[in-house]
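Residue-level structure breakdown
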Amino acid sequence: MAPPPRAYSPAEVRQRCAQGACLVLRGRRLYDLSGFVRLHPGGEQLLRERAGSDVSAALEGPPHRHSRNARLWLEQYYLGEMGPAPAPEPQSLLKTEKPVNSTAQTTNHRMDPRCKTVDPDKDLVDWHKPLLWQVGHLGEKYDEWVHQPVDRPIRLFHSDFIESLSKTAWYIVIMVWIPVVLYLSWFCYASLAQGTTRLFSSFTTEYSIPVHKYFFPFIFVLGMFLWSLVEYLIHRFLFHMKPPASNYYLITLHFLLHGQHHKSPFDSSRLVFPPVPASLVIGFFYTLLRLLLPEALGMSIFVGGLFGYVVYDMTHYYLHYGSPKKGTYLYGLKAYHVKHHFEHQKSGFGITSRFWDRPFKTLIPEETFEKED
C-alpha cells in the first residue's frame, strides 16, 4: 500500500519559494516545477519578472487552459498536499490553476481522447531496459502510449557504442555541418564562375541556359526553400505515420525515427539529428541532385538545403530549450510547437515556420491559443 502523500504547511511552502523553487498549486495538490518552468513558453520571462521579489521563482498570473495531456504531464512533478486551511499569504505566492469546467473537459477530451494517466514506473514497457526492442510488442496500444509524454531520458540500444551514435549535443550539428556548408559554397561559386554550367545542356545545346556565378545566392535560397518543403513532408508523412498495430518492425522504425521524441520531448540529447545517421540522409539527397542536375547547379541547391537543415535542427532545439521573449516570432513558434506535442499531434508540422501548414491545411487553429491582454 502506497504511503499517504506528505502535507506541506504554508510556512514550508513559503520557505521553498524563497529558496528559488517554483511551486504550483492545483486544488490542494502541490507540484514542484523548478526544473521545468524555463522550458515552458514564457517561463523564463516570468522568472525574470519575479527577480528581486521575496519569491523570485514563484509563478503567478491569470489562470489559463491546458490540454489534458499537459495536466497528465504535471503529475510527474507531484510533491504533496497543502495542509488544512492554507493561509492567504502563501496562497498568493503560488499559481492556482483554474478548475476546468465540464465544457472545457469535454472539449479537451475531443481533442485528444487517447490520453490516460501514465506512471513511468508501471508503464507498458520496462524503462530500465532499452526501449527500441520493446515498443513493437505494444501493438494497438503503441499509438496511445507514444503520445503520452514523459520527462525522462530514453535509452534505445543495448550497445553503448550504438547508443552513443543515436544521440548528440546540439552544438555538434554546427561543428560538423557548417564547415561543409562553407566549403561547398565556395566550391559552387568557383565552379559557376568558370562559366561552363548550363541548364538543359543534356537535352539541347542550342537552347541551354547559362547559369552565372551571380545566381549562386538565389540558388542557395532556393535550396533552403525546397528543404523547408522536404522538412514538412518528412515530418508529416514519415515521422507521423501511424504504423499498423500488427507490424512489429514498422512500429520499431517509427519509434526510432520520431516516436521517441514525442514520448520524451525534453530529452536534450535527442532533439537534433546525430551526424552519423544524418550523413546517410544527406548523402541520399546529394546523390539525387547530382543525378538530376549539372554538378555546380545541383551542388548549389544541395548546400542551400544543407544550411536549411542546420537552421531547422537549431530552431527545433531552441523551441524545446530556449526562452524567447513574449510577443516575439520565436515565442509564438515555441507555443505552436508545444501545442503540436501536447494537444495537436496530427497537425502543426512546421518547425521553422507555419508556412507549409497553411496550403496543406494542417495549421493549428488560432482559437486554441490563449488570447493575452
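Residues numbered from 1 in each chain as written. Predicted model: local features only at pLDDT ≥ 70, side-chain atom pairs only at ≥ 80, totals over all residues. Heavy atoms only, no water.

What follows concerns the packing of helix α13 (residues 295–321) against helix α14 (residues 329–342). Running from amino to carboxyl end, α13 crosses α14 at an angle of 80 degrees, the nearest separation of the two axes being 9 Å. In this view, α13 runs roughly perpendicular relative to α14, as classed from their interaxial angle. Side by side, α13 and α14 meet where T315, H316, Y318, L319, H320 and Y321 of the first sit next to L330, L333, K334, H337 and H341 of the second. In terms of residue class, the contact of α13 with α14 is built from five nonpolar, five polar and one charged. (Axes fitted to C-alpha atoms, helices over the stretch in contact; angles between N-to-C directions. Helix = DSSP H or I, 4+ residues; strand = E, 2+ residues; numbered from the N terminus. Parallel < 35°, antiparallel > 145°, perpendicular 65-115°, else oblique. Contact = heavy atoms within 4.5 Å. Nonpolar A, V, L, I, M, F, W, Y, C, P; charged D, E, K, R; others polar.)

Moving on to the environment of F239. One can find F239 in helix α10 (residues 216–239). Taking the C-alpha atoms as reference points, F239 and L257, 18 residues apart in sequence, are found 6.4 Å from one another. When near neighbours in sequence (up to four residues on either side) are disregarded, F239 contacts I234, H254, L257 and H258.

Turning our eyes to something else, we now look at the pattern of salt bridges. Considering all chains together, one arrives at seven salt bridges under this definition. Across the pair E163 and R270 runs a salt bridge, and its minimum N-O distance is 2.5 Å. With E163 in helix α8 (residues 160–165) and R270 in the loop between α11 (248–263) and α12 (275–292), this residue pair connects regions lying 107 residues apart in the sequence. The burial state of E163 is the same as that of R270; both residues are buried. In this structure, E366 engages R354 in a salt bridge whose closest nitrogen and oxygen atoms are separated by 3.1 Å. Residue E366 is located in the segment after α14, and its partner R354 is located in the segment after α14; the two are separated by twelve residues in the primary sequence. Judged by relative accessible area, which is 40%, E366 ranks as partly exposed. A single network of salt bridges, built from pairs that share partners, joins E163, K167, D267 and R270. (Salt bridge = Lys/Arg side-chain N within 4 Å of Asp/Glu carboxyl O. Buried < 20%, exposed > 50% of the residue type's maximum accessible area, 1.4 Å probe, protein only.)

Mapped onto this numbering, the UniProt entry annotates "binding site: Zn(2+)" (unreviewed entry) at H235, H240, H258, H261, H262, H316, H320, H337, H340 and H341. Mapped onto the elements of the fold, H240 is located in the loop between α10 and α11. Beyond its immediate chain neighbours, meaning those up to four positions away, H240 contacts H235, H254, H258, H262, H340, Q345, K346 and F349. Residue placement: H316 occurs in helix α13. In this structure H316 comes out as buried when scored by relative accessible area, which is 6%. (UniProt positions renumbered as here; feature names shortened; annotations may be inferred.)

Turning our attention to helix α9 (residues 170–193). An α-helical segment advances 3.6 residues per turn. Residues three or four places apart therefore align on the same side. The end-to-end C-alpha separation of α9 is 35 Å, in line with the 34 Å expected for 24 residues at 1.5 Å each. Within the sequence span of α9, burial applies to V173, W177, V181, L184, S185, C188, S191 and L192. As for α9, its buried residues are in contact with α10, α12 and α13. Where α9 terminates, the next one or two residues include G195, which has phi positive at roughly 75 degrees. (Expected span 1.5 Å × (residues − 1).)

In the structure shown here, the tally under the stated rule is 22 aromatic pairs. Taking 5.4 Å as the distance between ring centres and 50 degrees as the angle between the ring planes, the aromatic pair formed by F225 and W356 counts as tilted. One end of the pair, F225, is in helix α10; the other, W356, is in the segment after α14, with 131 residues separating them in the sequence. Taking relative accessible area as the criterion, F225 reaches 40% and is therefore assigned partly exposed. An angle of 15 degrees between the planes, with centres 5.4 Å apart, marks the rings of Y317 and Y321 as stacked. Linking Y317 with Y321, this pair stays in helix α13, spanning four residues, or about one helical turn. On the accessibility criterion, Y317 (18% relative accessible area) is buried. You can call Y321 partly exposed: its relative accessible area is 30%. Three or more aromatic residues link up through ring pairs in this structure, and these residues are F225, Y232, F349, F355, W356 and F360. (Phe/Tyr/Trp six-rings, centres within 6.5 Å; stacked < 30°, edge-to-face > 60°.)

The next subject is the nonpolar core. Membership of the largest hydrophobic core comes to 31 residues, with the highest contact counts inside it found for V173, W177, I282, F302, L306 and Y309. Counting residues per element, this core draws most heavily on α13, at 13 residues. Beyond its immediate sequence surroundings of up to four residues, I282 is in contact with W177, F302, L306 and Y309. By size, the runner-up hydrophobic cluster in this structure holds 15 residues, among which are L132, L138, Y142 and W145. (Core = buried A, V, L, I, M, F, W, Y, C linked by side-chain atoms within 4.5 Å.)

Right, let's talk about the packing of α9 against α13 for a bit. Look at α9 against α13: their axes get within 9 Å of each other, and the N-to-C directions meet at 160 degrees. Put simply, α9 runs roughly antiparallel to α13. The handedness of the crossing between α9 and α13 comes out as left-handed. Here the residues of the contact of α9 with α13 sort into 21 nonpolar, three polar and two charged. (Left-handed = near helix turned anticlockwise from the far one by under 90°.)

Mean pLDDT over the protein: 79, with 70% of residues reaching 70 or higher. Within the model, pLDDT remains below 50 along residues 52–63, and this stretch shows 30 contacts once partners closer than five positions in the same chain are excluded. Low pLDDT, under 50, characterises residues 85–118; the stretch is placed with 69 contacts to residues that sit more than four places away or in other chains. (pLDDT = per-residue confidence, 0-100.)

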